[in-house]
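The residues making up each chain are set out below.
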Amino acid sequence: MDDGGSVREELSTLSFEELQELQSKVGLKVYNQIVCDSGKEQHGGRHKCAQKDRPLEMSSKQPVPFLRRPAAVKKRVVRDPRFDDLSGNYNPEIFDKTYAFLAKVRSQEKELIKQKLRRVKKEQSRQQLEYVLQRMMEQDKAQERARQQRERMKQFKQEQRQRVQQGSKPYFLKRSEQRTLALADKYQALKRSGKLESFLGKKRKRNATKDRRKLPGARAR
């Protein structure tokens, strides 16, 4: 038997107390070298210590880095579907067709608010309900104006396509011209409903208030 095997065999015959005494005499470093060298020879030159379950010894002289490296934390990304490319492009016509059932729900909500207004007695609750009802009516009017504007632009584009097919050059409306057309449609709608004079009167009052604020005497006050 070789020297490594004989040393390992001799160590295997020793008791735990004798191993501890041997370790204290020769030192921990020499003791580990003897045990590991014997195991290395037995396993064909590969380094394998007898105590395989022993924890790994780390040196206490390893320098600590100056800058601490924090653990990487995955940042939570909040996505708004209204402004995200993953949600696709916004098409008002498709949106109106998809959520057409909401018009019925809104009409039911308005009727419910009107019923509550007839029964409510507290002035504060009445003001809140009136504000909500007025807000919903304004939103409906704004949606209707936007729909009419889209219809007008759609019709204008169709007319331009027909002109191009006939050999004419296309004409593109400027933003100022679009606003002018929108004001003309609003004027016609107010005239048909009989509210044109009331609208013009309120507008004159607003303009007069703005003019009074620009006067020198109003500024001094």
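All residue numbers refer to positions counted from 1 along the written sequence of the respective chain. In keeping with the model being predicted, local features are shown solely for residues with a pLDDT of at least 70 and side-chain atom pairs are shown and tallied solely at 80 or more, while totals for entire chains, interfaces and linings include all residues. In computing side-chain values, all of the structure's heavy atoms are included and hydrogens and water are not.

Participant: Is there a simple way to explain a positive patch on the surface in this structure?
Facilitator: Patches were defined on residues exceeding 30% relative accessible area and lacking a salt bridge, with like-charge contacts within 9 Å and nonpolar side-chain contacts (Val, Leu, Ile, Met, Phe, Trp, Tyr) within 5 Å. Under the convention used here, a 1.4 Å probe and the Shrake-Rupley method define accessible areas, while residue burial counts only the protein chains that appear. Between Lys or Arg on one side and Asp or Glu on the other, a salt bridge is scored when a side-chain nitrogen of the former is within 4 Å of a carboxyl oxygen of the latter. For this count, His and the chain ends are skipped, Lys and Arg are scored as positive, and Asp and Glu as negative. Taken as the charge centre is NZ of Lys, CZ of Arg, CG of Asp or CD of Glu, depending on the residue. Judged by side-chain charge, Lys141, Arg145, Lys186, Lys195, Lys202, Lys203, Lys205, Arg206, Lys210, Arg212, Arg213 and Lys214 come together as a positively charged surface patch. Elements represented by at least two residues in the positive patch include exactly α6 (123-165) and α8 (196-214). Residue position: Lys210 is located in helix α8. Secondary structure counts use DSSP, requiring at least four H or I residues in a row for a helix and at least two E residues in a row for a strand, with both numbered from the N terminus.

Participant: Which parts of the structure should I look at to understand the nonpolar core?
Facilitator: Within soluble globular proteins, side chains that are nonpolar generally end up buried alongside one another. Residues Ile113, Leu117, Val120, Leu129, Leu133 and Met136 constitute the largest nonpolar core, which totals 6 residues. Those elements that provide at least two residues to this core are α5 (101-119) and α6. With 3 residues, α6 is the largest single contributor of residues to this core. Each nonpolar core is a collection of buried residues, namely Ala, Val, Leu, Ile, Met, Phe, Trp, Tyr and Cys, held together in the definition by side-chain atoms within 4.5 Å. Buried, partly exposed and exposed residues are distinguished by accessible area as a fraction of the type maximum, computed with a 1.4 Å probe on protein chains only: under 20%, between the cut-offs, and over 50%, respectively.

Participant: Just checking my understanding: could you explain the packing of aromatic side chains for this structure?
Facilitator: For any two aromatic rings, the description comes down to two numbers: the centre-to-centre distance and the angle of the planes. Here a Phe, Tyr or Trp ring, Trp counted by its six-membered ring, pairs with any other such ring whose centre lies within 6.5 Å, and the pair is stacked when the planes are under 30 degrees apart, edge-to-face when over 60, and tilted otherwise. Going through the model one piece at a time under the given rule, you end up with 2 aromatic pairs. Consider the rings of Phe95 and Tyr99, whose centres lie 4.8 Å apart with planes at 40 degrees: the pair is tilted. Accessibility expressed as a relative area gives 40% for Tyr99, which makes it partly exposed. Seen in terms of ring centroids, Tyr99 and Phe101 are 6.2 Å apart; in terms of plane orientation they differ by 45 degrees. Their pairing is tilted. An aromatic cluster is present here, built from Phe95, Tyr99 and Phe101 joined pairwise through their rings.

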